[in-house]
Amino acid sequence: MATDTVPLFAQPNTVRPAADAAGMRACCLAACAAGSRATVVRLGCDDSDACRLRALGLNEGTTVAVVDDRHGTLLDVRGTRLALGTALTERITVQPHV
Amino acid sequence: MNSVPTSSLTPRSPSAAPTIPVPPARVALVGNPNTGKTTLFNALTGLRQRVGNFAGVTVERVEGSYRAADGRSVAVLDLPGTYSLATASPDERIAHDVLMRRSGDGWIPDVVVVVVDATHLERNLFLVSQVLELGLPVVVALNQADAAERSGTRIDVPELSFALGVPVVPTVATRGEGLEPLRRAIDDAVRLPPPGRRFALPAAVAMAVAPLELQLQEHGLSRAEAQLEALRLLSIDATETGAYDGAVERARDALRAANEEPGQIEASLRYAWISQIVTRCVSSAERPSHATSDRIDGVVLHRVIGPMIFLALMALVFQALFTWATPLQDALEALVARVGDVVTATLPAGDLRSLLVDGVIAGVGSVVVFLPQIAILFTCIGVLEDSGYMARAALLMDRVMRRVGLHGRSFIPMLSGYACAVPAIMATRTIGEPKDRLATIMVVPLMSCSARLPVYTLLIGAFIPATMLFGSVSLQSLTLLAMYLLGTLAALAAAAVFKRTLLKGPVRPMILELPPYRWPSPRALLVTVAQRCRLFLRRAGTVILALSIVLWALATWPRLPVDPARSDAAQRELALEHSALGRIGRAIEPAVAPLGFDWKIGVSIAASFAAREVFVSTMGTIYGVGGDDGDTAKLTTVLRAERRADGTPVYSLPVALSLLVFYVFALMCMSTIAITVREAGGGAVGWRWAALQFGYMLALAWGAAFVTYRVAMVLSGGTNA
Ligand SMILES: Nc1nc2c(ncn2[C@@H]2O[C@H](COP(=O)(O)OP(=O)(O)OP(=O)(O)O)[C@@H](O)[C@H]2O)c(=O)[nH]1
Ligand SMILES: [Mg+2]
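A.B. asks: I keep staring at the overall build of chain B and nothing clicks. Help me out?
C.D. replies: When helices and strands are counted, chain B shows 30 helices and 11 strands. Here chain B has a C-alpha radius of gyration of 30 Å; the compact-globule value for 721 residues is 27 Å, and the two agree. Of all 721 residues assigned to chain B, the portion counted as buried reaches 56%. Sequence separation of 24 or more characterises 73% of the internal contacts of chain B that already satisfy a separation of 6 or more. On chain B, the mean spot of the 65 positive side-chain charges and the mean spot of the 59 negative ones are 2 Å from each other.

And the structure:
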């Protein structure tokens, strides 16, 4: 996946601009901690689950906020609260915001 | 017929399009779950369908009607909630079938009212955008306008109406606001030009799906319908596209060639269109509507404190059942006794008096006195359902449920089982995976329902001391809590067994929407509880009354000639044993003797297979017939005093515990069996599952009661009676 590549000339000392999404590696949604925000890149789950998630407003390109990560992941999706099991969040690729 | 579309819109007959709009006679309410469709339905029709603050309260279609301004009767259909026209669990399919003109009875709406939650407008507009393309007249009810206003969300209604191309009416269903404008908008909607798609496909996408749309039109769909259906077919699971398999696959290939991911096209296009509308029509909230809920969830969903709150809530309910209900129950018992005394005093001794006093009053009366417990239980359940806690409980339980092989969502039907197994089994319709749904159906009756409450309360009240532990919790309410926990744990264990054997399948991941917390409305609560109490009394007045009379007759005939040599008490006991009921009891006795039960308990259990409360009424009748003439002592007193031939009490603690455990597990409810047959697939398949359910629960009940009795005997140092 293209978003998985590490920048070749990463300079550890420079402060990344906040909007520079390419500076953060894409990861799975399950890895996002409470309080963080991320943009959905890919829904790698079953087609039927993906279809349901998209209807619920969690489609590719949506920015979500992780509200709680104690029981699966509780997300803020378009103003609604959506709880997803780990089996799902592990297969959703997101681009975390800095 | 291969070419007939199976999973799509049914073609409209070409001659059906009327040119002069007739006023609408049929209105369907659709929308996302938990938006207030049923609340609106109740407000429109004056009916009292169940409402609750979680997704999936309504799981079947319900029809009602209202009078329009010109006196015409308009039929209204309340439907289960659905997030889109593409996903389908059994409850959602009911809504889709009506919208897509596929419902079995041909119920086609003249106007579709999409009930939208104004506080979650963006997500709700997804379904709206799909419904607009059905070609039916649409009205959008912008419900929960009060909640939106409270959170500072401003929605420009005329602008929204302009953007969607259909009338938009703000409503507050809970307060009945906006109903008149809504009715007018429904009448007007048929005269407006039909709504349709308000966005265009990008050229590459349009090219790729054109052949599919064409094929759909060849099968009789209109152009608009074909466009909607084409997007739907692309977004669903590739294995479910049915008759259009080939065309869909070609469209997918064409899209991939154009560098588009077929599965995500529909959602991307619709949400892109929606974003524009939201930017134009909604001035965003100053206070996010979830702030308070999030703060509460911070505590309620805590890893340690959360489950403790859950248990504490349950303990509180059971404490309430004993401490608050007791004075009311005592008053009712006194009333029943009073009625018995009056009848005894006014009627001459004889069969009629015995029928009324020992059969009807002792039987029905012994059940009716539990009305306060029923009212309290349903008040507590109502508060849980209306506050929004149900979804949190499901989330807390997800970890446990996953180990069982189900996901947290299945816990909501199980929790509903505390009220009654029948609606709980219906509620499994929200579970999409057939195997998970069946596994949940099979175990729901293990959750202790309200019909067990009279049995539990009678036995616990009579045989468990009312000792206070830790100063505030009574041993009685703890025993009751233990019974409910026992049933719940057994349900989880049984589900685990089913999911590993007959219903083997992967654990589906959980997707669950958490609604914002709400204050339960006291008025709505009162209505629900009153409804439940009426139902309870009606059962007492019908099933239990009829059975009480039958049992009284069985306990009275055939008669034994009076033997003057015997004492009154011995004579009555012998007569009871000589009666038909006594003979049946003797026949049953060997089956229940290992559990520590005598024949009277055996008969009561047998009778309670019709309905669990009948156990209590049968006890009332047996001890009424067998007891002193005109004696209307409290049933608990009678039970405590009952002795075997050798003078030992019939109801020792081991016997009482064994009976309690038996009732936790046994499936004794005709309605549950009937509903399992229907929901598990109907016909022979349904009957097989129902038989299995009945069988395994009976075996479990017998085995657990046997073990309880033996262990309790050993612990209490008693001997085998
Ligand atoms: N504040 C507010 N709450 C409302 C309004 N209408 C409904 N509610 C609440 O919203 C919740 C859901 O109401 P229901 O009528 O059960 O919703 P539904 O759309 O039928 O839900 P499902 O049957 O699950 O699809 C309940 O707690 C209602 O009290 C409203 O206009 N304002
Ligand atoms: Mg409803």
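A.B. asks: It is not clear to me how the environment of B:Phe126 should be interpreted in this structure. Could you clarify?
C.D. replies: One can find B:Phe126 in helix H3 (residues 121-132). According to the relative accessible area criterion, B:Phe126 is buried, its value standing at 3%. Spatially, the C-alpha atom of B:Phe126 lies 42 Å from that of B:Ala451, the residues being 325 residues apart in sequence. Filtering out sequence-adjacent residues up to four positions away, B:Phe126 remains in contact with A:Ala55, B:Tyr83, B:Ser84, B:Ala267, B:Arg270, B:Tyr271 and B:Ile274.

A.B. asks: Just to check I follow, could you spell out the packing of helix H23 (residues 568-578) of chain B against helix H24 (residues 580-592) of chain B for this structure?
C.D. replies: Each pair of packed helices gets described by two things: the angle between the helix axes and the distance between those axes. Residue and element names in this part refer to chain B. Between H23 and H24, whose axes approach to 4 Å, the crossing angle comes to 70°. By the angle class used here, H23 and H24 are roughly perpendicular. Seen from H23, the contacting residues are Leu 576, Glu 577 and His 578; seen from H24, they are Ala 580, Gly 582, Arg 583 and Arg 586. Partitioned by chemical class, the residues of the contact of H23 with H24 number 2 nonpolar, 2 polar and 3 charged.

A.B. asks: I keep staring at the pairing of strand S5 (residues 80-84) of chain A and nothing clicks. Help me out?
C.D. replies: Regular strands place their side chains on alternate faces of the sheet. Summarising burial for S5(A): 5 of the 5 residues are buried, a large majority. Covered by surrounding structure in S5(A) are A:Thr80, A:Leu82 and A:Leu84 together with A:Arg81 and A:Ala83, the residues of both alternating faces. As defined by bridge partners, strand S4 (residues 73-77) of chain A adjoins S5(A) across 5 bridges and the pair is classed as antiparallel. Residue pairing for S5(A): A:Asp76 is matched across the bridge by A:Arg81. Joining the antiparallel neighbours S4(A) and S5(A) is a turn of 2 residues, in which A:Arg78 adopts a positive phi near 50°. Bridge count for S5(A) against strand S11 (residues 511-514) of chain B is 4 bridges, and the pairing is antiparallel.

A.B. asks: Explain the coordination of the magnesium ion (ligand 2) here, please?
C.D. replies: Ideal coordination angles are 109.5 degrees for a metal with four donors arranged tetrahedrally and 90 or 180 degrees for a metal with six donors arranged octahedrally. All names here are of chain B. Around the magnesium ion (ligand 2), the protein contributes the donor atoms Thr 38 (OG1) and Thr 58 (OG1), at 1.9 Å from the metal centre. Residue Thr 38 is located in helix H1 (residues 37-45), and its partner Thr 58 is located in the loop between H1 and strand S2 (62-67); the two are separated by 20 residues in the primary sequence. This pair shows no difference in class: Thr 38 is buried, exactly as Thr 58 is.

A.B. asks: How do you make sense of the domain arrangement of chain B when you look at a structure like this?
C.D. replies: Looking at the assigned domains, one finds that chain B contains domain 1 (26-189), domain 2 (203-284), domain 3 (290-323 + 388-450 + 474-517 + 646-721) and domain 4 (331-387 + 519-642). For domain 2 of chain B and domain 4 of chain B, the distance between their C-alpha centroids amounts to 64 Å.

Conventions used here
- Residues numbered from 1 in each chain as written.
- Chains lettered and ligands numbered in written order.
- Predicted model: local features only at pLDDT ≥ 70, side-chain atom pairs only at ≥ 80, totals over all residues.
- Heavy atoms only, no water.
- Helix = DSSP H or I, 4+ residues; strand = E, 2+ residues; numbered from the N terminus.
- Rg over C-alpha atoms; globule rule 2.2 N^0.38 Å.
- Buried < 20%, exposed > 50% of the residue type's maximum accessible area, 1.4 Å probe, protein only.
- Contact = heavy atoms within 4.5 Å.
- Lys, Arg positive; Asp, Glu negative; His and termini not counted.
- Charge placed at Lys NZ, Arg CZ, Asp CG, Glu CD.
- Axes fitted to C-alpha atoms, helices over the stretch in contact; angles between N-to-C directions.
- Parallel < 35°, antiparallel > 145°, perpendicular 65-115°, else oblique.
- Nonpolar A, V, L, I, M, F, W, Y, C, P; charged D, E, K, R; others polar.
- Pairing = 2+ DSSP bridges.
- Donors = N, O, S within 2.8 Å, 3.2 Å for Na, K, Ca; no water.
- Domains from an automatic or database assignment.

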